[in-house]
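# Structural overview
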Amino acid sequence: NAGVTQTPKFRVLKTGQSMTLLCAQDMNHEYMYWYRQDPGMGLRLIHYSVGEGTTAKGEVPDGYNVSRLKKQNFLLGLESAAPSQTSVYFCASSYSGLAGDEQFFGPGTRLTVL
Amino acid sequence: GDSVTQMEGPVTLSEEAFLTINCTYTATGYPSLFWYVQYPGEGLQLLLKATKADDKGSNKGFEATYRKETTSFHLEKGSVQVSDSAVYFCALSDRANQGAQKLVFGQGTRLTINP
């Protein structure tokens, strides 16, 4: 049982390049989330999904797109990377959308945009 | 909107010292409250939670009580260990549109315990 995994662990991009971050979970969770973590700001929600084939915007969605074609995978795309997107990206999943439910986090992807 | 404020770090203590990390929140409804911990090089993991007023969450010697009257959820531990060195995040849970849980995090407090 691997939990939540993220690929890649590190990536360096040049401004304007594109990339996709992959998140996979093996816990059969319906809900999945993408966050970014910046120094002194905690984690902020980018996009989330309430089930296969669904996506929705979070707090900071601009410059990102997501897809949930399979229940176990949640992809985060950057079409044209900008230096402001330099951050650590975390994926998370939860069994339900209840307020008291635990979210399970992946190990993170450190992205640098030059 | 909802927000979480926690004490700024970094916090450095000696082993066996008493720990308090303050956390206060602003929310329109009745949120659930969480403490997540991030060990070096890892993702966040749930430390403890409380889902209603006056509930006490506890785990690994850590405790926090949901205080609605003071809108607080302070983290405490009576005797810290070197292995407790990590970044601690206070968070509250709201329900976003479409029914998904929405976590709002504080800025995190880095804790270092010296032997």
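Whatever comes next refers back to the structure up there.
For the structure given in this document, a descriptive report is provided here.

Definitions and cut-offs
- Residues numbered from 1 in each chain as written.
- Chains lettered and ligands numbered in written order.
- Predicted model: local features only at pLDDT ≥ 70, side-chain atom pairs only at ≥ 80, totals over all residues.
- Heavy atoms only, no water.
- Helix = DSSP H or I, 4+ residues; strand = E, 2+ residues; numbered from the N terminus.
- Rg over C-alpha atoms; globule rule 2.2 N^0.38 Å.
- Buried < 20%, exposed > 50% of the residue type's maximum accessible area, 1.4 Å probe, protein only.
- Contact = heavy atoms within 4.5 Å.
- Lys, Arg positive; Asp, Glu negative; His and termini not counted.
- Charge placed at Lys NZ, Arg CZ, Asp CG, Glu CD.
- Disulfide = S-S within 2.5 Å.
- Polar contact = N/O pair within 3.5 Å; in protein donor to acceptor, adjacent residues only side chain to side chain.
- Pairing = 2+ DSSP bridges.
- Axes fitted to C-alpha atoms, helices over the stretch in contact; angles between N-to-C directions.
- 1 Å grid on protein atoms, 1.4 Å probe; cavity = no way out; pocket = protein on both sides within 12 Å on 5 of 7 lines; lining within 4 Å.
- Points joined across faces, edges and corners; volume = space filled by probe spheres on them.

This next bit is on the overall build of chain B. From N to C terminus, chain B includes 0 helices and 12 strands. Listing the helices and strands of chain B from first to last along the sequence gives β-β-β-β-β-β-β-β-β-β-β-β. Here the C-alpha atoms of chain B give a radius of gyration of 14 Å, agreeing with the 13 Å that 2.2 N^0.38 yields for 115 residues. Viewed in the frame of its principal axes, chain B has a C-alpha envelope of about 45 × 30 × 20 Å. When each of the 115 residues of chain B is scored for burial, the buried share is 48%. Sequence separation of 24 or more characterises 55% of the internal contacts of chain B that already satisfy a separation of 6 or more. Here chain B carries 10 positive and 12 negative side-chain charges, and the mean point of each set is 7 Å from the other.

This part takes up the state of the cysteines. A covalent bond bridging the sulfur atoms of two cysteines is what the word disulfide describes. Residue and element names in this part refer to chain A. For the coordinates displayed, the defined rule picks out 2 disulfides over all chains. The side chain of Cys23 participates in a disulfide bridge whose partner is Cys91; the two sulfur atoms lie 1.9 Å from each other. Taking the sign of the torsion about the S-S bond as the criterion, the disulfide between Cys23 and Cys91, at about -75°, is left-handed. Taken together, the residues Cys23 in strand β3 (residues 19-25) and Cys91 in strand β9 (residues 87-94) connect sequence positions 68 residues apart. The exposure class of Cys23 is buried, given its relative accessible area of 0%.

Looking now at the side chain of Gln6(B). All names here are of chain B. Looking at the element boundaries, Gln6 is found in strand β1 (residues 3-6). Reaching out from Gln6, the side chain makes a polar contact with the side chain of Thr109 at a distance of 2.9 Å. Here Gln6 is in contact with Ile21, Asn22, Cys23, Trp35, Tyr88, Phe89, Cys90, Gly106, Gln107, Gly108 and Thr109, once residues within four sequence places are set aside.

Glancing now at the sheet that holds β3(A). Residues and elements named next belong to chain A. With antiparallel pairing, the 4 strands of this open sheet are ordered in space as β1-β3-β8-β7. At either end of the open sheet lies a strand with only one pairing partner, and these are β1 (4-7) and β7 (65-67). Averaged over all neighbouring strand pairs, the angle between strand axes comes to 20°, with direction disregarded. The pairing of β1 with β3 spans 4 bridges and is antiparallel. When the sheet's bridge partners are listed, Gln6 is paired in β3 with Cys23.

Roughly 740 Å³ of internal volume is contained in the largest pocket. As for the largest pocket, its lining consists of 33 residues, and the residues nearest its centre are Gln37(A), Arg110(A), Gln38(B), Val87(B) and Arg110(B). The set of elements that each furnish at least two residues to the lining of the largest pocket consists of β9 and β11 (109-113) of chain A together with β10 (86-95) and β12 (109-114) of chain B. Tallying contributions element by element places β12(B) first for the lining of the largest pocket, with 4 residues.

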